[in-house]
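Spelled out from the first residue to the last, the chains are:
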Amino acid sequence: MRINDWPKSLEAWERAKRSLGGGVSTALRANAKPHPIFFRGGAGATLTDIDGNTYFDYALGWGPNILGHGNAALVHAVQTQIALGATYGSGHALEYEVAERLLALFPGMDRALWSNTGTEANLSALRIARAATGKSHFVKFAGHYHGWSDTMLLGYRGQVLNQQPQPESKGQLVEDSHCVHVLPWGQLEAFNELLASRDDIAAVFLEPVLCNSGVIEPPPGFLEGLRSACDAHGVVLVFDEVITGLRVAPGGATERFGVVPDLIVLAKAIAGGLSLSAVLGKAEFIDMTQQGVTHAGTYNGNPLVLAAASATLDELSKPNTYETFERLAARLASGFRSSFERVGITGAVNQFGSIVQCGLGVVALDSFQAYMETDQQRYDQLLVALLRRGVFALPGGRWYLSTAHDERTIDQTIELFDSALDEIVTL
Ligand code: PMP
């Protein structure tokens, strides 16, 4: 099968551009090559577009669809709940039942706060940290993403280290960057030096595995080092597990590395594709919401998304889920590596839990710097060659697996990847 063009998607995009900003619902999608594809539905590990082409889906909604599409238990849970109402604006049992289940998975966490997106939950975590410490500044690391808010959208791309971080978006105030310190990730000395020189740092935010810029594991001892420096200086340690939570282990990177932060931010996979986020934390922090810290939201903790979260937890707790993720993702990664070798293209592949990262033009993908050096233009060509063969993957190089991906899907994908690589070497 080879798809030459996508006439209906192109037409849909032209139409969408008249009613939607850029013809898309989130900015990045407008850059999709050769143009955004419009889908009509999914089933298991596949998606079908409005031109009638079916693809293996490794975008999975940018991560949330950890059960694939149309999972029967998830569909049943959502259908059952919607018949009983979408939101009550008051308490219901799923709020605490799902919180209890999540808290049991993440070591050291006492309480949860529900919200709707990762951006919001990170903002809640920052507000709590500032209130709990009485301090205002915070640290983040270059290449880490914590949502698109004015406060947090700094030091994600194009960051020159050791300089005042610049706003990433037009319309963001330069003033927003005055209390943010963007450090190189993995270098404990830089963090320790900053803490030794300032007493106004409330919190440090990080992706414990740097998923947004290369799926890079923390250097040995780094998370432990952050933990003890935070303890010594009264700084709140926040793990942004929006991607890793439920994806790399039931208890996310916190479980995998055994370092317990003060607050954990969750979103994406926790409700199997519906919009739910959370801040988990030690009681002393979360209980700040009873001591003057505002945490609000019309849709917070609504029964529809929590019914989805409950079904997602049920599905993920079936035997061997995480062993299978690990095995299949490793198989995909090693297939990619063999293809690079066979075709003679320089490339690096990382894998952690159910997440795989491909980078072209670098021999190792072990730092944000290396990620920034990957050949994204060539990768876009590869993505189009894959799309033509029926594989839908994300720009930037990240691949997600779901419980609906099986060995056959992976092996077929490796073959298609191999042939797509052949196509792009001749370009
Ligand atoms: N944190 C991380 C680590 C993320 O990857 C994302 C989304 N890609 C966010 C926060 C923001 O989440 P949302 O898009 O749900 O606001």
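Rules behind the numbers
- Residues numbered from 1 in each chain as written.
- Predicted model: local features only at pLDDT ≥ 70, side-chain atom pairs only at ≥ 80, totals over all residues.
- Heavy atoms only, no water.
- Buried < 20%, exposed > 50% of the residue type's maximum accessible area, 1.4 Å probe, protein only.
- Helix = DSSP H or I, 4+ residues; strand = E, 2+ residues; numbered from the N terminus.
- Pairing = 2+ DSSP bridges.
- Right-handed = clockwise from strand over helix to strand, strands pointing away.
- Salt bridge = Lys/Arg side-chain N within 4 Å of Asp/Glu carboxyl O.
- Near = heavy atom within 4 Å.
- Polar contact = N/O pair within 3.5 Å; in protein donor to acceptor, adjacent residues only side chain to side chain.
- Areas by Shrake-Rupley, 256 points an atom, 1.4 Å probe, with all protein chains shown as cover.
- Nonpolar A, V, L, I, M, F, W, Y, C, P; charged D, E, K, R; others polar.
- Domains from an automatic or database assignment.
- Contact = heavy atoms within 4.5 Å.
- Buried area = accessible area lost by both parts, 1.4 Å probe.
- Axes fitted to C-alpha atoms, helices over the stretch in contact; angles between N-to-C directions.
- Phe/Tyr/Trp six-rings, centres within 6.5 Å; stacked < 30°, edge-to-face > 60°.
- Parallel < 35°, antiparallel > 145°, perpendicular 65-115°, else oblique.
- Left-handed = near helix turned anticlockwise from the far one by under 90°.

### Some remarks on the pairing of strand 9 (residues 263-266)
Residues Leu263 and Val265 line one face of strand 9 and the alternating positions Ile264 and Leu266 line the opposite face, and both faces are buried. Direction of pairing for strand 8 (residues 236-240) relative to strand 9: parallel, over a ladder of three bridges. Along strand 9, the bridge assignment pairs Val238 with Leu263. With helix 7 (residues 252-257) bridging strand 8 and its parallel neighbour strand 9, the resulting β-α-β unit is right-handed.

### Describing the pattern of salt bridges
Proximity of charged atoms lets side chains of opposite charge pair with each other. Counted under the stated rule, the structure contains 16 salt bridges. Note that Asp200 and Arg198 form a salt bridge whose closest N and O atoms lie 2.8 Å from each other. Taking relative accessible area as the criterion, Arg198 reaches 31% and is therefore assigned partly exposed. Connected through salt bridges with shared partners, the residues Arg227, Asp231, Asp262 and Lys282 form a single ionic network.

### Things to note about the site of the ligand
In the vicinity of the ligand there are 13 residues, among which Gly118, Thr119, Asn212, Asp240 and Lys268 approach most closely. Residue Thr119 places a side-chain N or O atom 2.5 Å away from an oxygen atom belonging to the ligand. Here a nitrogen atom of the ligand and a side-chain polar atom of Asp240 are 2.7 Å apart. Notes on the ligand: free accessible area 400 Å², of which the protein chains cover 84%. With three residues, the single largest contributor to the shell around the ligand is helix 4 (residues 118-133). Residues belonging to the shell around the ligand are distributed by class as follows: three nonpolar, seven polar and three charged.

### Looking at the domain arrangement of the chain
Along its sequence, the chain is organised into domain 1 (7-70 + 319-424) and domain 2 (72-316). For domain 1 and domain 2, the distance between their C-alpha centres works out to 25 Å. Of the residues lining the interface, 29 residues belong to domain 1; the matching set on domain 2 comes to 32 residues. Counting the surface lost from both domain 1 and domain 2, the interface buries some 2500 Å², and carbon and sulfur atoms represent 64% of this. Together, Tyr322, Phe352 and Phe368 form the three largest contributors to the area buried by domain 1 at its contact with domain 2, with a combined 31%. Where domain 1 meets domain 2, there are one salt bridge. Residue Glu326 is joined to Arg256 by a salt bridge in which the shortest nitrogen-to-oxygen separation is 3.3 Å.

### Quick look at the sheet that holds strand 12 (residues 355-360)
Pairing within the open sheet is antiparallel, and its three strands lie in the order 11-12-14. Pairing within the sheet leaves two strands with one partner each, and these edge strands are strand 11 (347-352) and strand 14 (398-400). Strand-to-strand twist across the sheet, computed as the mean angle between neighbouring axes with direction ignored, equals 20 degrees. Across three bridges, the pairing between strand 12 and strand 14 is antiparallel. If you follow Gln357 over to strand 14, its bridge partner there is Arg398. Each of strand 12 and strand 14 touches helix 12 (residues 376-388); the most contacted strand, strand 12, lies at about 120 degrees to it.

### Points about the packing of aromatic side chains
For the coordinates displayed, the defined rule picks out 13 aromatic pairs. Note on Tyr58 and Trp399: the rings are 4.9 Å apart at their centroids and 55 degrees apart in plane angle, and the pair reads as tilted. Of this pair, Tyr58 sits in the loop between strand 3 (54-57) and helix 2 (72-82) while Trp399 sits in strand 14, and the two are 341 residues apart along the sequence. Taking relative accessible area as the criterion, Tyr58 reaches 0% and is therefore assigned buried. For Trp399, a relative accessible area of 0% translates into the label buried. Geometrically, the ring pair formed by Phe141 and Phe222 is edge-to-face, given 5.8 Å between the ring centres and 70 degrees between the ring planes. Taken as a pair, Phe141 in strand 5 (residues 137-141) and Phe222 in helix 6 (residues 222-233) lie far apart in primary sequence, 81 residues in all. Comparing Phe141 with Phe222, the two get one shared label, buried. Feature note: the residues Tyr58, Phe336, Phe340, Trp399 and Phe417 constitute an aromatic cluster, connected by ring pairs.

### Quick word on the sheet that holds strand 8
Ordered by their spatial adjacency, seven strands build an open sheet running 4-10-9-8-7-5-6, and the pairing between neighbours is mixed. In this open sheet, the two edge strands, each paired with only one partner strand, are strand 4 (111-115) and strand 6 (180-183). Strand-to-strand twist across the sheet, computed as the mean angle between neighbouring axes with direction ignored, equals 20 degrees. Its contacts with the sheet put helix 3 (residues 93-105) on strand 4, strand 9 and strand 10 (277-281), and the angle it makes with strand 4 is roughly 120 degrees.

### Here's the deal with the packing of helix 10 (residues 321-343) against helix 13 (residues 407-425)
Closest axis-to-axis distance for the helix 10/helix 13 pair is 9 Å, and the angle between their directions is 25 degrees. By the angle class used here, helix 10 and helix 13 are roughly parallel. Crossing angle aside, the handedness with which helix 10 passes helix 13 is right-handed. Residues Arg327, Leu328, Arg331, Leu332, Gly335, Phe336, Ser339, Phe340, Arg342 and Val343 of helix 10 form the contact with helix 13, whose own contacting residues are Glu407, Ile410, Asp411, Thr413, Ile414, Phe417, Asp418, Leu421, Asp422 and Val425.

### Here's the deal with the side chain of His92
Mapped onto the secondary structure, His92 falls in the loop between helix 2 and helix 3. Excluding residues within four positions of it along the chain, His92 makes contact with Gly301, Asn302, Pro303 and Leu306.

### Some thoughts on the side chain of Glu315
On the secondary structure map, Glu315 appears in helix 9 (residues 303-316). A relative accessible area of 15% places Glu315 in the buried class. Side-chain polar atoms of Glu315 contact the side chain of Lys318, separated by 3.1 Å.

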